[in-house]
Number of protein chains: 4
Amino acid sequence: MTSHSDSRTVRLGLVGVGRIGRLHAQTVARQLKQAELVALTDIDQNSAQQVAREFGVPKVATKFQELVADPSIEAVVICSATNTHVPFIIEAAQHGKHIFCEKPIAADLSEIDKALSVVEKAGVKLMIGFNRRFDADIQRLKKAIDSGEIGTPHMLRLVSRDPAPPPIEYIKVSGGLFFDMTIHDFDVSRFLFGDVVEVYAAAGVLVDPAIGAAGDVDTAMITLKFANGAIGSIENSRRAVYGYDQRFEVFGSKGSAASANHYANTVTVSTNQSIARDLPLYFFLERYTGSYQAELGAFVRCLVEDTPPPVTGLDGRAPVVIAQAALISYKENRPVRLSEIK
Amino acid sequence: MTSHSDSRTVRLGLVGVGRIGRLHAQTVARQLKQAELVALTDIDQNSAQQVAREFGVPKVATKFQELVADPSIEAVVICSATNTHVPFIIEAAQHGKHIFCEKPIAADLSEIDKALSVVEKAGVKLMIGFNRRFDADIQRLKKAIDSGEIGTPHMLRLVSRDPAPPPIEYIKVSGGLFFDMTIHDFDVSRFLFGDVVEVYAAAGVLVDPAIGAAGDVDTAMITLKFANGAIGSIENSRRAVYGYDQRFEVFGSKGSAASANHYANTVTVSTNQSIARDLPLYFFLERYTGSYQAELGAFVRCLVEDTPPPVTGLDGRAPVVIAQAALISYKENRPVRLSEIK
Amino acid sequence: MTSHSDSRTVRLGLVGVGRIGRLHAQTVARQLKQAELVALTDIDQNSAQQVAREFGVPKVATKFQELVADPSIEAVVICSATNTHVPFIIEAAQHGKHIFCEKPIAADLSEIDKALSVVEKAGVKLMIGFNRRFDADIQRLKKAIDSGEIGTPHMLRLVSRDPAPPPIEYIKVSGGLFFDMTIHDFDVSRFLFGDVVEVYAAAGVLVDPAIGAAGDVDTAMITLKFANGAIGSIENSRRAVYGYDQRFEVFGSKGSAASANHYANTVTVSTNQSIARDLPLYFFLERYTGSYQAELGAFVRCLVEDTPPPVTGLDGRAPVVIAQAALISYKENRPVRLSEIK
Amino acid sequence: MTSHSDSRTVRLGLVGVGRIGRLHAQTVARQLKQAELVALTDIDQNSAQQVAREFGVPKVATKFQELVADPSIEAVVICSATNTHVPFIIEAAQHGKHIFCEKPIAADLSEIDKALSVVEKAGVKLMIGFNRRFDADIQRLKKAIDSGEIGTPHMLRLVSRDPAPPPIEYIKVSGGLFFDMTIHDFDVSRFLFGDVVEVYAAAGVLVDPAIGAAGDVDTAMITLKFANGAIGSIENSRRAVYGYDQRFEVFGSKGSAASANHYANTVTVSTNQSIARDLPLYFFLERYTGSYQAELGAFVRCLVEDTPPPVTGLDGRAPVVIAQAALISYKENRPVRLSEIK
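Cut-off values and rules
- Residues numbered from 1 in each chain as written.
- Chains lettered and ligands numbered in written order.
- Predicted model: local features only at pLDDT ≥ 70, side-chain atom pairs only at ≥ 80, totals over all residues.
- Heavy atoms only, no water.
- Axes fitted to C-alpha atoms, helices over the stretch in contact; angles between N-to-C directions.
- Helix = DSSP H or I, 4+ residues; strand = E, 2+ residues; numbered from the N terminus.
- Parallel < 35°, antiparallel > 145°, perpendicular 65-115°, else oblique.
- Left-handed = near helix turned anticlockwise from the far one by under 90°.
- Contact = heavy atoms within 4.5 Å.
- Nonpolar A, V, L, I, M, F, W, Y, C, P; charged D, E, K, R; others polar.
- Pairing = 2+ DSSP bridges.
- pLDDT = per-residue confidence, 0-100.
- Buried < 20%, exposed > 50% of the residue type's maximum accessible area, 1.4 Å probe, protein only.
- Arc of directions from axis to C-beta.
- Least-squares fit on C-alpha atoms with pLDDT ≥ 70 in both.

Draft legend 1. Structural detail: the packing of helix 1 (residues 19-30) of chain A against helix 2 (residues 45-55) of chain A. Residue and element names in this part refer to chain A. Interhelical geometry of helix 1 versus helix 2 gives an angle of 25 degrees and a closest axis separation of 10 Å. Accordingly, the angle class assigned to the pair helix 1 and helix 2 is roughly parallel. Every pair of crossing elements has a handedness; the one defined by helix 1 and helix 2 is right-handed. For the pair helix 1 and helix 2, the contacting residues are R22, A25, Q26, A29 and R30 in the first and V51, E54 and F55 in the second.

So this is what it looks like as structure tokens:
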């Protein structure tokens, strides 16, 4: 099993040192024995310099093109703004680099398809950063399904509420709730229950009228029908005042498996007022830290072991199709078949 | 506060000594100081005799007409088959008896309206047996809303799964899942979040093909839109192998409140296999015992204190409208406005 | 199994209609098919009259002697003050009545032994009211031991805290914390782990100096050594501001089993302050209602079926011995063997 | 606040690359920005080489003396066998190195005192590795006390059970359960409730007779009396088959605070057998990872900021005194005042 190549080190370049990019840099620097971050870049060169210093990255490139031109770099990690994903994927692929790209690839399917086509021709590996698939809870739910513990899947429920809405400026460019938030839930749904064939989205503006004014919704209840006949429900809110609420449940013919929220401590305080505990972990960086680390480890492993990436380009495309269907469903108030989306 | 009339005893007659009827007889006999069960009847006279003996009921009538003809009886408790509800309500009302009637009044709206019209003309009180409104958990959720604890209501979720399907024979006459099972969830939805304006039902036959052959579904995910702008989701399954699953959650601008399942004991057993507890209470008679007792107490109280019944005839009608809309929604695969239902 | 005698009705007399006596009267009147409360008495005749009316008891006797002189009465339920237990047991036994007596029999062993001796000579049944043995949680812990689920018992922990201290007047006559409160925990210890051979009690006055002034302690941590080699710990406080705290744990070679507190509802409320639930059930009458009902049912059953009572006179004596040893242990600050207690 | 010295890097040497030493090396290499591990050593030079390679430590010394002789090294981390702690502390202090030393310093008080005396004369900082003080749960319990949330402390309970006994060879040299296992609980007790004045230890051999044959016990229930009048209970077992059991509770005049076990995932699986979850984290390396990292961070911070170490030499001495008292208590079966221990 352990061949020579299994113990080699993968040389990586990274673009975009925002919250997620910085976390990926840290993971490569501190967690991954078989990877080395040899260069990074960002449109904000100061940030790039700072992250490079922090994690001992030897080189800061002035632009992405420098990374892909570096023959010593085997693969790139793309954490820059969404609108750069497709051009960067294409450039990287054309230079023969393997690619890890943050979700979503793009909101436009033809753009995505162009990128996937270039990747395929180039024969490089492309993995999309749907980190939740690597979360211990979601892995355990997956195991409950795959092992037969819960029997044939019947129903899926994803409660997914953010602690606070993003800035209105972000909402205006993100594609909206279905594209920037539910996209993760669409991916988890596919990961757990397989292909989706139809979606119905009930949604509204209940949290903040400014979100509505920006053309988006902040509250949604989405029904999914799966190819296997199962039914799912996703509940989203842009604001749960008690913090990040991430609870998932799979129900089947032989039982159910359900996950709970995560907390910074387990302490319960009992007073003459209540039996209470502190709020859950605040947001995705706290709650999903482990999964971000694990996904990058899986990417490096698929390079070292030359196996298919665990989250493919098509896995990156599929939730965008669902999001598009959800948006039409909401606007036209009707169930929408994914086959309608071209 | 305590007037003469407050301490009087209400004389009741009861029809139908099936599971629920027997439980109501027991509640009157053993729990309610201000009520007395003076006669009961059932088409199975042997059962009637047996229940009468068990709870010290002095008289067994041969038919419902005997009960309503008895001038010493002030109110009747109707627990007989659903198709008898409307004629019995009408007879009772015409004899000036107050009425407690098990849900549903009927599946046909014109039948319901006929009954409600007679009740109104007769000026008697009619209370419908939506027992869950009297459950301690659901009362606590209601209080979390009414007190402002959770702020403005945004989302409702009702997970409602039975431990095992009813007999196929029952399914053939019950009106199906939306009418015999979800009807309770529709009522709880209205109790917690108010009027429903639209419903979308995704459903299927995943538990048992025989249920499908009988023309019904056994699995459903139902989206509700409320008049106040909130959105709800009801999940039903005819079979949760681990037992009766009844979990409810209300989410709003200031927080959420969620209930959990009920168990016969609180003991957790830790072995080298797992950290486990025994299964939850098996079914509605075990889980909702307290609410059945409380609702009958509320009925007697509204007679003694001459106040409006806490669950009115219109409360009995409204969930039937939602169930009808849900059935159309499922069959036509589209959201259905309640205003479509005549 | 079901003989003629199995369906007969046991005629009972009851003395003492305080909180527990009233509850027992209610249980006989409303829960126990095979028992009938034919007479009761209390030094407060008004209270006796009131309880008799409430539960339909046909006769109020002026004194206990009237009850035992009534040839139609088969057994007596003694719920009067502790100092009357021994004389009433003796009188009842001498009249051939079976006896259910609230705990403790007495604080003085020679008094207890006198009573037990008379009972034995008379050949009547005596059951002591250690209700917790009939609690669903404690029964489940017992089953975890008896079934081998947790293997060989190693350690026992009983956390037992009251919501508020009793009146100082009560403390002055009760014998103190070990006799009026821990006595239940000593009994549960024996029920679960068998004979105790040694006790060490660390205790103090931390809740209220007035309790110390009355010669008692309000806080105790008691170590038990069992005949089987296992070790136990009992923790008592007279005041847990959040309510009645009753949590028990048995630990053995193959695992552990632990019970939790009981609540009036299961609802968790999440706000921007905390994830909280309401306080547990307030005190023993709320928490242990079911066990009080079950113990009286067990008493009636042992009469109807002519089987030994499930909690014997010796079971009533043993915790008093432990309490005496605990008191010596506390006063002399040393472990005390039960064999020292004569 | 942030002076020049605050941003400097502390150069560390480390001795002993067993489980804990390796973890500390990893923490310095990957977590602590202000520390650098410049050399390490171990009697097993191969292991030393391997750990050095793994975490990029530039130098492997052949013996501890080389570390302390290196003028570039500011502080040493001692993770070698317990019997080396005192000589290594003395050598390091005499070379003017600050010291982080794993617990326990030694089992012999005169040895400890000799070391502490040399440290004091040398004016170096000494911090003892009682990692649990840095655990998020225990920190939260401490805050519940310090903030007044639970009022005046009355009772402490520590349930502390290992998943499996150590090898018999280890037990023979460790000083036994009170010295190698309870020592942590004694420290946590002091951390939470302050000085202990008396101890009573009930203990036995219930897990494995071989442990008894080696002169040790494997099961203990220990009562502590604190200087502030509060009472504590520690429960230890060498083997909880379901895994590492670490639950702590502080109870006071205004309430209680209690921690729970930690798990690798939050998923609950419901089947027709039980409602179950996977076993807790296996042992201390998994459960207390965060606290090991945090304690070393605190050590580095106290060097950088020139503040007193948060766990002092006297904090290292005190639990040894309690352990000695516990051993006498067990052997003589009596409560032992700490003032008896010289």
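Draft legend 2. Up close: the packing of helix 1 (residues 19-30) of chain B against helix 12 (residues 289-304) of chain B. Residue and element names in this part refer to chain B. Direction vectors running N to C along helix 1 and helix 12 enclose 60 degrees, while the axes themselves pass 10 Å from each other. Regarding the angle of helix 1 to helix 12, the classification is oblique. Along this stretch, helix 1 crosses helix 12, giving a crossing that reads as right-handed. For the pair helix 1 and helix 12, the contacting residues are I20, L23, H24, T27 and V28 in the first and Y292, Q293, E295 and L296 in the second. When its residues are assigned to classes, the contact of helix 1 with helix 12 shows 5 nonpolar, 3 polar and 1 charged.

Draft legend 3. Layout of the sheet that holds strand 2 (residues 35-41) of chain B. Residue and element names in this part refer to chain B. The strand order across the open sheet formed by 6 strands is 3-2-1-4-5-6, and the pairing between neighbours is parallel. The open sheet has two free edges, formed respectively by strand 3 (59-60) and strand 6 (126-129), since each of these has just one partner strand. By the bridge criterion, 4 bridges tie strand 1 (residues 10-15) to strand 4 (residues 75-78) in an arrangement that is parallel. Bridge pairing links L14 to V77 in strand 4. Its contacts with the sheet put helix 12 on strand 1, strand 2, strand 4, strand 5 (98-102) and strand 6, and the angle it makes with strand 5 is roughly 165 degrees.

Draft legend 4. Representation of the confidence of the model for chain A. Scored by pLDDT, chain A has a mean of 96; 98% of the residues are at 70 or more. Across the whole predicted complex the pTM is 0.95, and at the interface the ipTM reaches 0.94.

Draft legend 5. Just helix 6 (residues 136-146) of chain B, in detail. Among the residues of helix 6 of chain B, those classed as buried are B:D137, B:I138, B:R140, B:L141, B:A144 and B:I145. Down the axis of helix 6 of chain B, the buried set is contained in an arc of 155 degrees. They therefore lie on one face. Packed against the buried residues of helix 6 of chain B are strand 7 (153-161), helix 9 (182-193), strand 11 (245-252), strand 12 (255-258) and helix 11 (284-287) of chain B together with strand 13 (268-270) of chain C. Remark: B:G148 follows helix 6 of chain B within two positions and exhibits a positive phi of approximately 85 degrees.

Draft legend 6. Region of interest: the relation of the copies chain D and chain C. Mapping chain D onto chain C leaves a residual RMSD of 0.1 Å; the transformation is a rotation of 180 degrees accompanied by 0.0 Å of translation along its axis. The superposition of one copy onto the other is thereby described by a two-fold rotation axis. Every residue of chain D has its C-alpha some distance from the rotation axis, and the shortest such distance is that of D:R334, at 2.9 Å. Take the interface residues of chain D: 100% of them recur as interface residues in chain C, which is what a same-surface contact looks like.

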